[in-house]
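# An overview of the molecular structure
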Amino acid sequence: MTNMTQPTDIDLDLRHMTPSVRASFRLTSERHTLDHLLDELGVPGARTWQRGETEGISLQRRSHGWCVELPEQRTYALDDALSQLLAVLAPYRDDIIATIRSLELDAHFGLHVQMTGDRAPAGYWSPVNIKTIALYGASLEADITVSPAP
């Protein structure tokens, strides 16, 4: 008799095929270093970088930056990943917006999607999330990388 709470091989395969989404929020500046924002804004898990640093193998940073990134999650709903990120930022929103305006920073929301074969996530954004992004004066990007189906 099979225990119904244990995932089957098919369940594990389907879960592996579900798109992987990493949601992030970045502030960037070509004029100001942003290290001080780690303490001033106090958002847990935030990190910074400096212009000229390298990311990965060959990408060189073109600006100074501050970033909050959620752990990778498996989902077909990009709006859910965005909602989770906005919820993490919500307690700090007023301070973040004031900082963006006072330092004239660029703000960017990003959803970085890794999908397998034709298993694409839903590219739907709820009106409340679009309005919230607009409060930050931020851009929204979704970059999608496709791996071939096994």
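Data block above holds the structure.
Owing to the predicted nature of the structure, the values given are computational and were not obtained by experimental measurement. (Residues numbered from 1 in each chain as written. Predicted model: local features only at pLDDT ≥ 70, side-chain atom pairs only at ≥ 80, totals over all residues. Heavy atoms only, no water.)

## Topic: the packing of helix 3 (residues 78–89) against helix 5 (residues 127–136)
Worth spelling out the cut-off: Here an angle of 0 to 180 degrees is reported between the N-to-C directions of two axes, which are lines fitted to C-alpha atoms, with helices fitted over the stretch in contact. Secondary structure elements are taken from DSSP: a helix is a run of H or I of four residues or more, a strand is a run of E of two residues or more, and numbering for both begins at the N terminus. An angle below 35 degrees is read as roughly parallel, one above 145 as roughly antiparallel, one from 65 to 115 as roughly perpendicular, and any other as oblique. Crossing handedness is defined as follows: a turn of the near helix away from the far one that is anticlockwise and smaller than a right angle gives a left-handed crossing, while the clockwise case is right-handed. What makes two residues a contact is simply this: any of their non-hydrogen atoms within 4.5 Å. Gly is placed with the polar residues, together with every amino acid not listed as nonpolar (Ala, Val, Leu, Ile, Met, Phe, Trp, Tyr, Cys and Pro) or charged (Asp, Glu, Lys and Arg).
One way to put it is that helix 3 packs onto helix 5 with a least axis distance of 11 Å and a crossing angle of 45°. By the angle between their directions, the pair helix 3 and helix 5 is classed as oblique. Here the hand of the crossing between helix 3 and helix 5 comes out left-handed. Residues Asp79, Leu82, Ser83, Leu86 and Leu89 of helix 3 pack against Asn129, Thr132, Ile133 and Tyr136 of helix 5. Residues belonging to the contact of helix 3 with helix 5 are distributed by class as follows: five nonpolar, three polar and one charged.

## Section: the nonpolar core
Rules: Definition used in this section: a nonpolar core is a set of buried Ala, Val, Leu, Ile, Met, Phe, Trp, Tyr and Cys residues joined via side-chain atoms within 4.5 Å. A 1.4 Å probe rolled over the protein chains alone gives each residue an accessible area, and that area as a share of the maximum for its type sets the label: buried under 20%, exposed over 50%, partly exposed in between.
Residues Phe25, Leu27, Trp66, Leu89, Ile96, Phe109 and Tyr136 are the most contacted members of the largest nonpolar core, which totals 30 residues. Mapped onto this core, the elements with two or more residues apiece are strand 1 (20–29), helix 2 (37–41), strand 5 (64–69), helix 3, helix 4 (93–103), strand 7 (106–116) and helix 5. Examining the composition of this core, we find that six residues originate from one element, helix 3, more than from any other. When near neighbours in sequence (up to four residues on either side) are disregarded, phenylalanine 109 contacts Ser24, Phe25, Leu82, Leu85, Leu86, Leu89, Ile133, Tyr136, Ala138, Ser139, Leu140 and Glu141.

## Topic: the pattern of salt bridges
Worth spelling out the cut-off: Salt bridges are identified by distance alone: a Lys or Arg side-chain nitrogen within 4 Å of an Asp or Glu carboxyl oxygen.
Following the criterion strictly, the structure yields three salt bridges and no others. A salt bridge links glutamate 69 to arginine 22, with the nearest nitrogen and oxygen atoms 3.0 Å apart. Here glutamate 69 is found in strand 5, whereas its partner arginine 22 is found in strand 1, with 47 residues between them in sequence. Judged by its relative accessible area of 31%, arginine 22 falls in the partly exposed class. Glutamate 104 is the salt-bridge partner of arginine 31, the closest N and O atoms lying 2.9 Å from each other. Separated by 73 residues along the polypeptide, arginine 31 in the loop between strand 1 and helix 2 and glutamate 104 in the loop between helix 4 and strand 7 bring together distant segments of the chain. Note on accessibility: arginine 31 and glutamate 104 belong to one class, exposed.

By themselves, these figures tell us nothing about what the structure is for.
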